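Inside the fold
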Amino acid sequence: MQSKGAKVVSLAKTRRGFKPIVLVSASPRRQQLLKQIGVPFEVCPAGIDETLPERVDDPETFAIDMALRKVKAVAKEFPDRWLLAADTLVLLGNKPLGKPQTREEAASMLRELSGRTHVVVTGLCLAKTDRKGRIRRCLKAAETTFVTFRHLTEEEIAAYIATGEPMDKAGAYGIQGRAAVFATCILGCYYNVVGLPLAKLAMMLKETGIEVSEFWRSSCHEIHETNRTGTPLSAR
């Protein structure tokens, strides 16, 4: 059974019996990162309450627990499947900075980040369900990255907010976008700041017997088939 809200994003290797991983996230950035490394997946957002507390003393545990909650919210809809969920926190000290609700809140967050080092933590949950949609195996991990911003002027903050880019992102910025010019130092995994630590994820997948590089071979095979016949293998 497949959730009505699930969207098939990549079908590479499904013809050989591989069922796409269920990405329990509506984040377009996480979807793009999975496409980047060639992992077949479907999208099914959890739709849970992600309200942040005023203080988080153990961000790695908090992020992992939130990712696990996302998986549990949809697990029964996907029997005998691997599900992946992630939760990313941006923190100044113990204060989490969520997605700004207003332009004023976005400006306030960016002023707080200006000239300081903050922490980005992503919790990951990779779970396997049985034929009844019950979680039978669950791998959990977290990644931490330190990001330093240079001093931002009020003019820069206003111009950045005017682009609309900060409004759907934790901490009110997207490192992969225009805010790339704000960061003077990134210590740790860059992709963690985008929302999905790819090296950590690849190691988790390998632990389950899923080799990311196998999808690359499959993609190359499809390209060669297309070149020889003029018809993509996936279209047959």
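Residues numbered from 1 in each chain as written. Predicted model: local features only at pLDDT ≥ 70, side-chain atom pairs only at ≥ 80, totals over all residues. Heavy atoms only, no water.

What the protein contains, in helices and strands, is seven helices and eight strands. In the protein, buried positions account for 47% of the 236 residues. By sequence separation, contacts in the protein at least 24 residues apart represent 70% of the contacts at least 6 residues apart. For the protein, the exposed area adds up to about 11,900 Å²; of that, 52% sits on carbon and sulfur atoms. (Helix = DSSP H or I, 4+ residues; strand = E, 2+ residues; numbered from the N terminus. Buried < 20%, exposed > 50% of the residue type's maximum accessible area, 1.4 Å probe, protein only. Contact = heavy atoms within 4.5 Å. Areas by Shrake-Rupley, 256 points an atom, 1.4 Å probe, with all protein chains shown as cover.)

Looking at the secondary structure, you find Thr88 in strand E4 (residues 82-92). Engagement of the side chain of Thr88 in a polar contact is seen with the side chain of Arg30, the distance being 3.0 Å. A polar atom in the side chain of Thr88 sits 2.9 Å from the side chain of Thr122. Apart from the residues within four sequence positions on either side, Thr88 is in contact with Arg30, Val120, Val121, Thr122, Ala170, Asn192 and Gly195. (Polar contact = N/O pair within 3.5 Å; in protein donor to acceptor, adjacent residues only side chain to side chain.)

For Trp82, the position within the fold is in strand E4. A sequence separation of 62 residues divides Trp82 from Pro20, and the C-alpha atoms of the two residues are 7.9 Å apart. Not counting the four nearest positions on each side in its chain, Trp82 is found in contact with Ile21, Val22, Leu126, Ala127, Lys128, Arg137, Leu139, Thr208 and Ile210.

Turning next to the layout of surface pockets. For the largest pocket, the calculated volume is near 640 Å³. What lines the largest pocket is a set of 33 residues, and nearest its centre among them are Arg30, Glu50, Thr88, Lys99 and Ala170. Listed by contribution, the elements that provide at least two residues to the lining of the largest pocket are helix H1 (28-37), helix H2 (59-74), E4 and helix H5 (190-194). Per-element tally for the lining of the largest pocket: the top contributor is E4, with four residues. Class assignment for the residues of the lining of the largest pocket results in 16 nonpolar, nine polar and eight charged. (1 Å grid on protein atoms, 1.4 Å probe; cavity = no way out; pocket = protein on both sides within 12 Å on 5 of 7 lines; lining within 4 Å. Points joined across faces, edges and corners; volume = space filled by probe spheres on them. Nonpolar A, V, L, I, M, F, W, Y, C, P; charged D, E, K, R; others polar.)

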